[in-house]
Amino acid sequence: DAMVIQNPRYQVTQFGKPVTLSCSQTLNHNVMYWYQQKSSQAPKLLFHYYDKDFNNEADTPDNFQSRRPNTSFCFLDIRSPGLGDAAMYLCATSRGETSGTETQYFGPGTRLLVL
Amino acid sequence: SQQGEEDPQALSIQEGENATMNCSYKTSINNLQWYRQNSGRGLVHLILIRSNEREKHSGRLRVTLDTSKKSSSLLITASRAADTASYFCATDKAAGNKLTFGGGTRVLVKP
C-alpha cells in the first residue's frame, strides 16, 4: 500500500546530542512537510519542500534543519536538542496541485524524548 | 498564532449519541479540512469543504461551513467507541499547500 513511513517510531536522545528523524513516502507526492506536535496541542508546521524547494516557517528555530535528497525521502535534523524539543514529529505529504482541494497524508509520527 | 480555534476542547458521550465540535478561524480561506488523530498516531484526513460550499456529508460525518462567521462544525452521528480520537480542523488559506491546524477536540465515546 502507498504510504508515508517514519522511522524510528520512538527516539531517545541526550540533551545537546544531534538527532535525525527519517520519513519516506511511496505516494510519489511533490510536497513533504515536517510538523512538531506537543502534547494535546495542534501540529505546528516547521518547514516543507515543494519538490526541491525548501520553505522554512518564520518561527522555526535554527536548531532544526531538513534535507530532501530525493522525492521519496526527507530528513529532520535537530542539531542540539533541548528539553523543549521533546515532542511528536509528524511527516506528511501532498500532491502539490493548486486545485484548491489539496489534502495531506501523514505518517505515524516519531516521538522524541530528550534526556 | 493558530488560525483555528476548536470548541469544545474535550467531549465525552455515550455510544450511539451524536458528537458535534466547532472550529473558528480568523482569515479568508480556500478550504477547510477535518482530520482525526488516534492517540499517539498520525493524522488521517476525514473531509474537505471548499469555501464556496456550505455543507458536506461523508458517511456518518457532516460538515458545515459558514464563511460569514468564519466557522465550521463537524457532526459525527451514531458514534461508536472506535470514534474515540482527537479531531482537528485545518485551514488552507491559499493554494500554497500549507495547512494551519486548530487546537483539536478530544472525543471520548463510552461503550
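Residues numbered from 1 in each chain as written. Chains lettered and ligands numbered in written order. Predicted model: local features only at pLDDT ≥ 70, side-chain atom pairs only at ≥ 80, totals over all residues. Heavy atoms only, no water.

## Considerations on the pairing of strand β4 (residues 31-37) of chain A
Residue and element names in this part refer to chain A.
- The element β4 is largely enclosed, with a buried count of 7 among its 7 residues.
- Inspection of the sheet shows β4 paired to strand β5 (residues 44-50) by 6 bridges, in the antiparallel sense. Across the sheet, Q36 pairs through a bridge with K44, a residue of β5.
- Two successive antiparallel strands, β4 and β5, enclose a turn made up of 6 residues, where S40 displays a positive phi of approximately 60°. (Buried < 20%, exposed > 50% of the residue type's maximum accessible area, 1.4 Å probe, protein only. Helix = DSSP H or I, 4+ residues; strand = E, 2+ residues; numbered from the N terminus. Pairing = 2+ DSSP bridges.)

## Side note on the interface of chain A and chain B
- If you look at the interface, chain A gives 29 residues, while chain B gives 23 residues.
- When the two sides are added together, the surface that chain A and chain B hide from each other amounts to roughly 1,900 Å², 52% of it contributed by carbon and sulfur.
- Taking the shortest distance from any N to any O, the salt bridge between E57 of chain A and K98 of chain B comes out at 2.9 Å.
- Of all the secondary structure elements, the ones that give two or more residues to the side of chain A that touches chain B are β4, β5 and β9 (87-94) of chain A.
- With 4 residues, the single largest contributor to the side of chain A that touches chain B is β4 of chain A. (Contact = heavy atoms within 4.5 Å. Buried area = accessible area lost by both parts, 1.4 Å probe. Salt bridge = Lys/Arg side-chain N within 4 Å of Asp/Glu carboxyl O.)

## Brief notes about the packing of aromatic side chains
- This model, assessed by the stated rule, comprises 10 aromatic pairs over all chains.
- Centroid distance F106 of chain A to Y35 of chain B: 5.8 Å. Interplanar angle 80°. Geometry classified as edge-to-face. Of this pair, F106 of chain A sits in strand β10 (residues 105-106) while Y35 of chain B sits in strand β4 (residues 31-37), placing the two residues on different chains. Taken individually, F106 of chain A and Y35 of chain B each receive the classification buried, so the pair is uniform in this respect.
- Here a set of aromatic residues connected by ring pairs shows up, and it is made of Y33, Y35 and F106 of chain A together with Y35 and F101 of chain B. (Phe/Tyr/Trp six-rings, centres within 6.5 Å; stacked < 30°, edge-to-face > 60°.)

## Some thoughts on the confidence of the model for chain B
- Summary statistics for chain B give a mean pLDDT of 92 and a share of 94% for residues scoring 70 or more.
- Across chain B, strand β7 (residues 61-66) of chain B holds the top mean pLDDT of 98, while strand β1 (residues 4-7) of chain B sits lowest at 80. (pLDDT = per-residue confidence, 0-100.)

## Here's the deal with the layout of surface pockets
Residues and elements named next belong to chain B.
- If you add up the space inside the second largest pocket, you get close to 510 Å³.
- Listed by contribution, the elements that provide at least two residues to the lining of the second largest pocket are β1, β9 (85-92) and β11 (105-110).
- The class makeup of the residues in the lining of the second largest pocket is 4 nonpolar, 15 polar and 6 charged. (1 Å grid on protein atoms, 1.4 Å probe; cavity = no way out; pocket = protein on both sides within 12 Å on 5 of 7 lines; lining within 4 Å. Points joined across faces, edges and corners; volume = space filled by probe spheres on them. Nonpolar A, V, L, I, M, F, W, Y, C, P; charged D, E, K, R; others polar.)

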